[in-house]
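# Structural description and commentary
The chain contents come next:
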Amino acid sequence: MQFFYDQQIRRYLTQFMRLLGEFSVKTGKDRHGVEEYIQVPVRYGDINRMAAHIIKNQSENMINTVPFISVYVTDMQISAERRHNPTHVNKVQVFEKKFDNATGEYIDGEVGNTYTIERYMPVPYDITVQVDIWTSNTEQKLQLMEQLLVLFNPSINLKTNDNPF
């Protein structure tokens, strides 16, 4: 089999992390009485002992910068109830409008190139992602949770493409 890597899982994780990357927490007021906010960064990866030790510059005297959100995959399984005939191939005819290269415009009513697109039955997966919220105090954690929890009711579906085919 020829090598194939389309970065699908990576794109889903990146989109999910972008979704979480727009949150802020209120840190207080400046000397003029205006409320200050900081944006909370999102990082990929679970915090295991080795990673934590490297982040702390291999010293127990360093603390992690907070707040931040970490994201990592905890489970990935084939979704049997959404699985259909794995050998099914759906063929779709696509007709383009004729394009006039001289004028740079499409010609109404005339057919240009035609294509047959073969769509193969995908393998459906359910992916479980762990989101950890790292804060220095309960107030920051509550601010982030209140912003996050309205998105997941009870789950979230990500769409990676707007191509009709």
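## Describing the overall build of the protein chain
Within the protein chain one finds three helices and seven strands. The order of α-helices and β-strands along the protein chain, N terminus first, is α-β-β-β-α-β-β-β-β-α. Of all 165 residues assigned to the protein chain, the portion counted as buried reaches 17%. Restricting to contacts in the protein chain with at least 6 residues of sequence separation, those with at least 24 account for 66%. About 13,300 Å² of surface is accessible on the protein chain, with carbon and sulfur atoms providing 50% of the total.

## Describing the sheet that holds strand S7 (residues 125-134)
If you walk across this open sheet you meet the three strands as S3-S4-S7, and the pairing is mixed. Edge strands, defined here as strands with exactly one partner in the open sheet, are strand S3 (42-44) and S7. Strand-to-strand twist of the sheet, defined as the mean angle between neighbouring strand axes without regard to direction, takes the value 30°. By the bridge criterion, three bridges tie S3 to strand S4 (residues 68-78) in an arrangement that is parallel. Bridged to Arg43 within S4 is Ser70.

## Some details on the nonpolar core
Counting 12 residues, the largest nonpolar core is built from Phe16, Met17, Leu20, Phe23, Val25, Val40, Val42, Ile69, Val71, Ile133, Leu144 and Leu148. Of all the secondary structure elements, the ones that give two or more residues to this core are helix H1 (8-20), S4 and helix H3 (138-149). With three residues, H1 is the largest single contributor of residues to this core.

## A few points about the packing of aromatic side chains
For the structure shown, the criterion picks out two aromatic pairs. Pairing Phe68 with Trp134 gives two aromatic rings, centres 5.3 Å apart and planes at 10°, and the pair type is stacked. Of this pair, Phe68 sits in strand S4 while Trp134 sits in strand S7, and the two are 66 residues apart along the sequence. Overall, the relative accessible area of 24% leaves Trp134 in the partly exposed class. Here the aromatic rings of Phe99 and Tyr106 are separated by 5.0 Å at their centres, their planes lie at 65°, and the arrangement is edge-to-face.

## Section: the confidence of the model for the protein chain
For the protein chain, mean pLDDT is 85; residues scoring 70 or higher make up 87% of the total. Ranking the elements of the protein chain by mean pLDDT puts helix H2 (residues 49-55) last, at 66, and strand S2 (residues 35-39) first, at 94.

## Some words on the pattern of salt bridges
Here the structure, examined in full by the defined rule, presents six salt bridges. Here Glu118 makes a salt bridge to Lys91, at a shortest N to O gap of 3.6 Å. With Glu118 in strand S6 (residues 105-120) and Lys91 in strand S5 (residues 89-100), this pair connects stretches of sequence that are 27 residues apart. The exposure class of Glu118 is partly exposed, given its relative accessible area of 38%. Judged by its relative accessible area of 57%, Lys91 is exposed.

## Notes on the side chain of Thr135
Position of Thr135 among the secondary structure elements: in the loop between S7 and H3. On the basis of relative accessibility, which here comes to 19%, the residue Thr135 falls in the buried class. Within polar-contact distance, the side chain of Thr135 engages the backbone oxygen of Asn137 at 3.0 Å. If we skip the residues at most four places from it in the chain, Thr135 touches Val66, Pro67, Gln140, Lys141 and Leu144.

About the thresholds
Residues numbered from 1 in each chain as written. Predicted model: local features only at pLDDT ≥ 70, side-chain atom pairs only at ≥ 80, totals over all residues. Heavy atoms only, no water. Helix = DSSP H or I, 4+ residues; strand = E, 2+ residues; numbered from the N terminus. Buried < 20%, exposed > 50% of the residue type's maximum accessible area, 1.4 Å probe, protein only. Contact = heavy atoms within 4.5 Å. Areas by Shrake-Rupley, 256 points an atom, 1.4 Å probe, with all protein chains shown as cover. Pairing = 2+ DSSP bridges. Axes fitted to C-alpha atoms, helices over the stretch in contact; angles between N-to-C directions. Core = buried A, V, L, I, M, F, W, Y, C linked by side-chain atoms within 4.5 Å. Phe/Tyr/Trp six-rings, centres within 6.5 Å; stacked < 30°, edge-to-face > 60°. pLDDT = per-residue confidence, 0-100. Salt bridge = Lys/Arg side-chain N within 4 Å of Asp/Glu carboxyl O. Polar contact = N/O pair within 3.5 Å; in protein donor to acceptor, adjacent residues only side chain to side chain.

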